[in-house]
Amino acid sequence: MEWHQVLAFVAAVIPLTLVPGTSFTLVTQQVIAGSRADGVRAALGSACGLLVHATFAAVGLSALVMSSAQALTAVKLLGGIYLIWLGVTTWRSTRRGVQPAVRRRWRLPWAQLGGFGQGLWSNVLNPKAASVYLTLVPQFLTSSRPIAPQMATLAIAHVAVVLVWLLFWTSVVATARTAIDTPRFRRGMSRLTGAVLVALGIRTATAS
């Protein structure tokens, strides 16, 4: 692709990336509840989720989902339920005296992947992430050239933008947590991010 096409695409996705959303909230939750490394893993998982959408779009699977009302509704509901589950478990983790056995009942099959798995699935099940590759990306593709290499180039550029922002935010949150690292602060931030995740899940599941 021409370099100016890539730069134009980067300029278009930067505002979308900077708007706080699921990945932003999830990274915050991982750093507050765990460590900087957990935030980094969540950021990497979110980036890999974008690569999944780029691959689906390249082979036409995302277009099929977006063109089918039933399929899109199913994806929205799955994504919403997943985010609500993350928010509820984040909130529950702040309760004192919760036994490990109780926590295990809330674990999903991919929960053992930790921050990376949560970041990955939060984007894979996010219809808005898919829509970027079905509405925005095609505007920067040249029909006379092979689509797959162009899609790969734009996906890598998108991932780079997202990673730079999320890793920067991870450092900001980790620094702030070090400065005011108290149990009360952790509980308060975990409850806040849990509530935001639930709200994002409801919005995802009910968005028209």
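What you are looking at is a predicted structure, and each value in this text was computed from that prediction instead of being measured.

### A word on the overall build of the chain
- Assigned secondary structure in the chain consists of 10 helices and 0 strands.
- Across the chain, every contact between residues at least 6 apart in sequence was considered, and the portion connecting residues at least 24 apart equals 83%.
- Surface accessibility of the chain: about 10,800 Å² in total, with carbon and sulfur atoms responsible for 68%.

### What to know about the confidence of the model for the chain
- Mean pLDDT over the chain: 77, with 71% of residues reaching 70 or higher.
- Segment residues 96-110: pLDDT under 50, and 16 contacts once partners within four positions in sequence are set aside and those in other chains are kept.

### Here we look at the pattern of salt bridges
- Evaluated as defined, the whole model comprises 2 salt bridges.
- With its nearest N and O atoms 3.7 Å apart, the salt bridge here joins Arg-145 to Glu-2. Residue Arg-145 is located in the loop between helix H8 (127-136) and helix H9 (147-179), and its partner Glu-2 is located in the segment before helix H1 (3-18); the two are separated by 143 residues in the primary sequence.
- Here Asp-38 ties to Arg-41 by a salt bridge, and the two come within 2.6 Å at their closest N and O atoms. Of the two residues, Asp-38 and Arg-41 are both situated in helix H3 (residues 36-59); the distance of 3 residues between them amounts to about one turn of the helix.
- We classify Asp-38 as buried; its relative accessible area is 17%.

### Some words on the packing of aromatic side chains
- Per the stated rule, a full pass over the model turns up 5 aromatic pairs.
- Between the aromatic rings of Phe-24 and Trp-165, the centroid separation amounts to 6.1 Å while the plane-to-plane angle is 10°, which identifies the pairing as stacked. Residue Phe-24 is found in helix H2 (residues 22-33), and its partner Trp-165 is found in helix H9; the two are separated by 141 residues along the sequence. Trp-165 carries the same exposure label as Phe-24, and that label is buried.
- Ring geometry for Phe-24 and Trp-169: centres 4.6 Å apart, planes at 25°, overall stacked. Note that Phe-24 is positioned in helix H2 and Trp-169 in helix H9, a separation of 145 residues in sequence.
- Ring-pair connections join several aromatic residues into one group, and the members of that group are Phe-24, Trp-165, Phe-168 and Trp-169.

### Digging into H1
- Look at H1: 23 Å from first C-alpha to last across 16 residues, which is about the 22 Å you get at 1.5 Å a residue.
- All buried positions along H1 are accounted for by Gln-5, Val-6, Phe-9, Val-10, Val-13 and Thr-17.

### Comments concerning the side chain of Ser-23
- Positionally, Ser-23 belongs in helix H2.
- When sequence neighbours within four positions are dropped, the list of residues in contact with Ser-23 reads Ser-46, Asn-123 and Leu-166.

### Some points on helix H7 (residues 114-124)
- Burial of H7 is extensive: 8 of the 11 residues sit out of reach of the surface.
- All of the buried residues along H7 are Gly-115, Gly-117, Gln-118, Gly-119, Leu-120, Ser-122, Asn-123 and Val-124.

### Overview of the side chain of His-158
- Within the fold, His-158 resides in helix H9.
- Taking relative accessible area as the criterion, His-158 reaches 6% and is therefore assigned buried.
- Here Tyr-133 takes part through its side chain, which lies 2.8 Å from a polar atom of the side chain of His-158.

### A closer look at the nonpolar core
- Counting 32 residues, the largest nonpolar core has Phe-9 and Tyr-133 as its most contacted members.
- Elements represented by at least two residues in this core include exactly H1, H2, H3, H8 and H9.
- Looking at this core element by element, the count peaks at 12 residues for H9.
- In this view, Phe-9 contacts Leu-136, Val-137, Phe-140, Leu-154, Ala-157 and His-158; residues no more than four positions away in its chain are not counted.

What counts and what doesn't
- Residues numbered from 1 in each chain as written.
- Predicted model: local features only at pLDDT ≥ 70, side-chain atom pairs only at ≥ 80, totals over all residues.
- Heavy atoms only, no water.
- Helix = DSSP H or I, 4+ residues; strand = E, 2+ residues; numbered from the N terminus.
- Contact = heavy atoms within 4.5 Å.
- Areas by Shrake-Rupley, 256 points an atom, 1.4 Å probe, with all protein chains shown as cover.
- pLDDT = per-residue confidence, 0-100.
- Salt bridge = Lys/Arg side-chain N within 4 Å of Asp/Glu carboxyl O.
- Buried < 20%, exposed > 50% of the residue type's maximum accessible area, 1.4 Å probe, protein only.
- Phe/Tyr/Trp six-rings, centres within 6.5 Å; stacked < 30°, edge-to-face > 60°.
- Expected span 1.5 Å × (residues − 1).
- Polar contact = N/O pair within 3.5 Å; in protein donor to acceptor, adjacent residues only side chain to side chain.
- Core = buried A, V, L, I, M, F, W, Y, C linked by side-chain atoms within 4.5 Å.

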